[in-house]
Each structure stands twice: as structure tokens, then as C-alpha cells.
Amino acid sequence: MSQDPNSAGDAAASARGRRNEGVSEASPLELLRSALPGLTGAKLRVAEVILRDPAVAGRSSITWLADQARTSAATITRLSTALGFDGFPELRAALAREHGRDVQAGWEKDIGSAITPQDPPSKVLSTLAANQFSAARNAMASVDLDAMARLADRIAAAGRVQLFGEWGDAPPAQELYLRLFRIGIPVWLGEGSYFAQVGASLLTPGDVALVVSRSGEGDTPLRFVAVARDHGALTALITGDPASPLAEAVDVVLHTGTGTGNSWTDYFAGRSSDSLVGALLWALVAQRVPDRIYDRMSRSEEPGGSPRGQDFFNDTMH
């Protein structure tokens, strides 16, 4: 059985033409896929082995590939030249380069380009620190302090404060919850659609519903806000996007100055602005209820008071 002359042959001519014209090299995987319908026997088996795991093929010997495809090194060389390469070493190098590009593209899409896989720990640390400092400055320049003060007033006087934050927004929401809980604010934190809706439905006029959402999007938090407003609660949002759907739906918007970005590095930088705005809100609430803090501290120091309770309130980490 013979190979279709219009498959691998055309691929070879196209690849050589692109190299001669100084154009970026054709993808070896695309060349293989294009030639696949016309390949038979041993050459087909070689192509299938390469396509099954290009990364391994790009760093393996011709002997290994021949063994996997149950053929000879000569067959692999013939397939390589039919695809437009000078031999298997050139095909293998092209496969390795393509895998490297794929890894780099995947890295940049997820982690970002500010940090590379080759960076030493000192460079990673300085990059993350610089991004967080920048995010903190953005928060200082962006947050509405008057709105923050009004929200702190409402939280301090509320009969119930319901927080919502999920996935990447959960850590700053959880920290705010713990801080408010510690100073005696009646606060709840719901994660997931069911708990969010139940929590919102328990609110009454004078209560507060607060969402932490960097993107300001999502059906669940939008529903949470709608239910809370229907029950007469004040609705508020800590977000990186003051023009988002959630920002349009709430009564009070606290802009952190840092959006979601396009990668993990960008998103992680915004954690500083999220935490700073949450910490500021908590501190302003605490200013409005100093008696609660004093009462709890003094009771823990009374004779017969629980040593464990004393340790808790004397621990500034809580």
C-alpha cells in the first residue's frame, strides 16, 4: 500500500517553503495530522505514537520511538523527510520547541508573564511583593471613605449582618467574618447558593448584606443581593469593578482599585486591596463599639474567669 502523494508530500513542500521564505516554522503536529489520512502501516504507527504524547517524543531517541511503533529507525527517518524535515533529529527538535511554546502559553494564561518558570525565588518574591504594594496603593486611592463610614455605622447597629464570598473571594470574606464575630457583631457567612439565599431571607430592615466579589459578577451573589433588598436590608459590595452588574444592584459600593486581571499573578495582587478594604471596614466598625471590646476584655480578666478566655482576648491574632 502506498502513501497518498498529496498528504505528506504536500506537507513537506509547505514546510520547506515556509522555511525558505523566513516564515515561522509550521507546527510539526499540524503537519502530522494533515498527513495522517495518507499514512499506512509503520509510518502511521510512528505518527500515532508521536501524536499520543508529543512531549515525550520530543525528548526521546529514534530507537525508543522505533520500539514504540514496532518499526525501524529508517522508517522514522523517511517519515521525517516526507514531512519536510532533514531527518528525525530536526523533527524531534521541532516537537520540543512546540511543547515549550505550549507550556509557556499555558503558564502565561494561568500564572501570567510577570513570573517565569525559570525565575529564582528572590525574583518571584520581589514581583509578588511589588504587585501587592501597588494593589494596596490602588485601594488607598480608590475607596470611598464616606461610603465606608456609612456602612460601618450600619454594621455596628445591625441586628444581623450576612456576608457572602466564594472561591477566590472567600478568604477576605472569611477574615472579615472572623474579625466582626470577635467584637460581638451578629454576623453570618454563607457559602454556596442555598446558604446564601437562606441567609438573605432572614434579614430584616436595619440589617446588612455584604458581598465580597472582585469581579462583581455571578448569578448567586446577584440573587443574594436581590433577596436581601426584598427583605429591607442594606446591600453593599467590596469589588474591583465599580461598573459591574453587582455594583449596579447594591446600595453601597466599596471599590478596591484592583480588578480580576488576566492571570493568577494579577488576581493574587488584588488580595492585598481586598484585605486592606476589609480590614479598614472592620476597624471602623470596632471604633463604633469600643464598649463591647472593653466589656469582653474586662470580663476575661475577672477573678475566676477562664484562663482560656483570657488567652483568647489577649491574643491580637484573633
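Criteria and thresholds
Residues numbered from 1 in each chain as written. Predicted model: local features only at pLDDT ≥ 70, side-chain atom pairs only at ≥ 80, totals over all residues. Heavy atoms only, no water. Helix = DSSP H or I, 4+ residues; strand = E, 2+ residues; numbered from the N terminus. Buried < 20%, exposed > 50% of the residue type's maximum accessible area, 1.4 Å probe, protein only. Contact = heavy atoms within 4.5 Å. Areas by Shrake-Rupley, 256 points an atom, 1.4 Å probe, with all protein chains shown as cover. Polar contact = N/O pair within 3.5 Å; in protein donor to acceptor, adjacent residues only side chain to side chain. Arc of directions from axis to C-beta. Salt bridge = Lys/Arg side-chain N within 4 Å of Asp/Glu carboxyl O. Axes fitted to C-alpha atoms, helices over the stretch in contact; angles between N-to-C directions. Parallel < 35°, antiparallel > 145°, perpendicular 65-115°, else oblique. Left-handed = near helix turned anticlockwise from the far one by under 90°. Nonpolar A, V, L, I, M, F, W, Y, C, P; charged D, E, K, R; others polar. pLDDT = per-residue confidence, 0-100. Phe/Tyr/Trp six-rings, centres within 6.5 Å; stacked < 30°, edge-to-face > 60°. Lys NZ or Arg CZ within 6 Å of the ring centre and 35° of its normal. Core = buried A, V, L, I, M, F, W, Y, C linked by side-chain atoms within 4.5 Å.

Regarding the overall build of the protein
Argument step 1. The number of helices and strands found in the protein is 16 helices and five strands.
Argument step 2. Residue burial in the protein is summarised as follows: out of 318 residues, 39% are buried.
Argument step 3. Contacts spanning at least 24 positions in sequence make up 71% of the contacts within the protein whose residues lie at least 6 apart.
Argument step 4. When the accessible surface of the protein is totalled, it reaches about 16,300 Å², and 55% of it is carbon and sulfur.

Concerning the side chain of D169
Argument step 1. Mapping D169 onto the fold places it in the loop between strand 1 (161-164) and helix 10 (170-182).
Argument step 2. Polar side-chain contacts of D169 include one of 3.0 Å to the backbone nitrogen of R214.

What about helix 11 (residues 193-201)?
Argument step 1. For helix 11, every residue scored as buried is listed here: A196, Q197, G199 and A200. The buried side chains of helix 11 occupy one side of the element, clustering within an arc of 165° when seen end-on. In this structure, helix 11 carries Y194 and F195 as exposed residues pointing more than 90 degrees from its buried face.
Argument step 2. In this structure, the buried residues of helix 11 make contact with strand 1 and helix 12 (219-230).

Side note on the pattern of salt bridges
Pairing is possible between side chains of opposite charge, provided their charged atoms come close.
Argument step 1. Per the counting criterion, the structure on display carries six salt bridges.
Argument step 2. Residues R288 and D153 are paired through a salt bridge, measuring 2.5 Å at the closest nitrogen-oxygen approach. You can see R288 sitting in helix 14 (residues 264-288) and its partner D153 sitting in helix 9 (residues 145-157), a full 135 residues away along the chain.
Argument step 3. The class of D153 is partly exposed, set by a relative accessible area of 40%.

Focus: the packing of helix 2 (residues 28-35) against helix 3 (residues 41-52)
Argument step 1. Where helix 2 contacts helix 3, the two axes come as close as 10 Å, and the packing angle between them is 140°. The orientation of helix 2 relative to helix 3 falls into the category oblique. The crossing of helix 2 and helix 3 is left-handed. Between helix 2 and helix 3, the residues in contact are L29, L32 and R33 and A47, I50 and L51, respectively.
Argument step 2. Grouping the amino acids of the contact of helix 2 with helix 3 by side-chain chemistry returns five nonpolar, no polar and one charged.

Things to note about the confidence of the model for the protein
Argument step 1. For the protein, per-residue confidence averages 84 on the pLDDT scale, and residues scoring 70 or more make up 82% of the total.
Argument step 2. Segment residues 1-7: pLDDT under 50, and 11 contacts once partners within four positions in sequence are set aside and those in other chains are kept.
Argument step 3. Ignoring residues within four places in sequence, the model shows residues 18-24, a span with pLDDT below 50, making seven contacts including any to other chains.

Observations regarding the packing of aromatic side chains
Argument step 1. Taken as a whole and judged by the stated rule, the model has three aromatic pairs.
Argument step 2. Between the NZ or CZ atom of R160 and the centre of the ring of W188, over which it lies, the distance is 3.7 Å.
Argument step 3. One cation-aromatic arrangement involves R179 over W282; the distance from NZ or CZ to the ring centre is 5.8 Å.

Points about helix 6 (residues 73-82)
Argument step 1. Within the sequence span of helix 6, burial applies to T75, I76, L79, S80 and A82. All buried residues of helix 6 lie within an arc of 165° about the axis, which places them on one face of the element.
Argument step 2. Just downstream of helix 6 lies G84, where phi reads positive at about 105°.

Details of the nonpolar core
Argument step 1. In this structure, L151, I155, L281 and V285 are the most contacted members of the largest nonpolar core, which totals 31 residues.
Argument step 2. When residues of this core are traced back to their parent elements, those giving at least two are helix 9, strand 1, helix 10, strand 3 (208-212), strand 4 (234-239), strand 5 (252-255) and helix 14.
Argument step 3. Ranked by the residues each element gives to this core, the list is headed by helix 9, at six residues.
Argument step 4. Non-local contacts of V285, meaning those with residues more than four positions away in its chain, are made with A152, I155, A156, L180, I183 and I185.
Argument step 5. Judged by nonpolar contacts, the second largest core, of 22 residues, contains L31, I50, L65 and I76.

Topic: the packing of helix 5 (residues 62-69) against helix 6
Argument step 1. At a minimum axis distance of 8 Å, the contact between helix 5 and helix 6 shows a crossing angle of 100°. In terms of axis orientation, helix 5 runs roughly perpendicular to helix 6. Contacts between helix 5 and helix 6 pair I62, L65 and A66 from the former with A73, I76 and T77 from the latter.
Argument step 2. When its residues are assigned to classes, the contact of helix 5 with helix 6 shows five nonpolar, one polar and no charged.

Focus: the environment of W64
Argument step 1. Mapped onto the elements of the fold, W64 is located in helix 5.
Argument step 2. Not counting residues within four places of it along the chain, the set of residues in contact with W64 comprises V49 and V56.

Thoughts on the side chain of T256
Argument step 1. One can find T256 in the loop between strand 5 and helix 14.
Argument step 2. Polar side-chain contacts of T256 include one of 3.4 Å to the backbone oxygen of T258.
Argument step 3. The contacts of T256, once residues within four sequence positions are left out, are A135, N138, A139, S142, I238, T239, G240, S273, D274 and V277.

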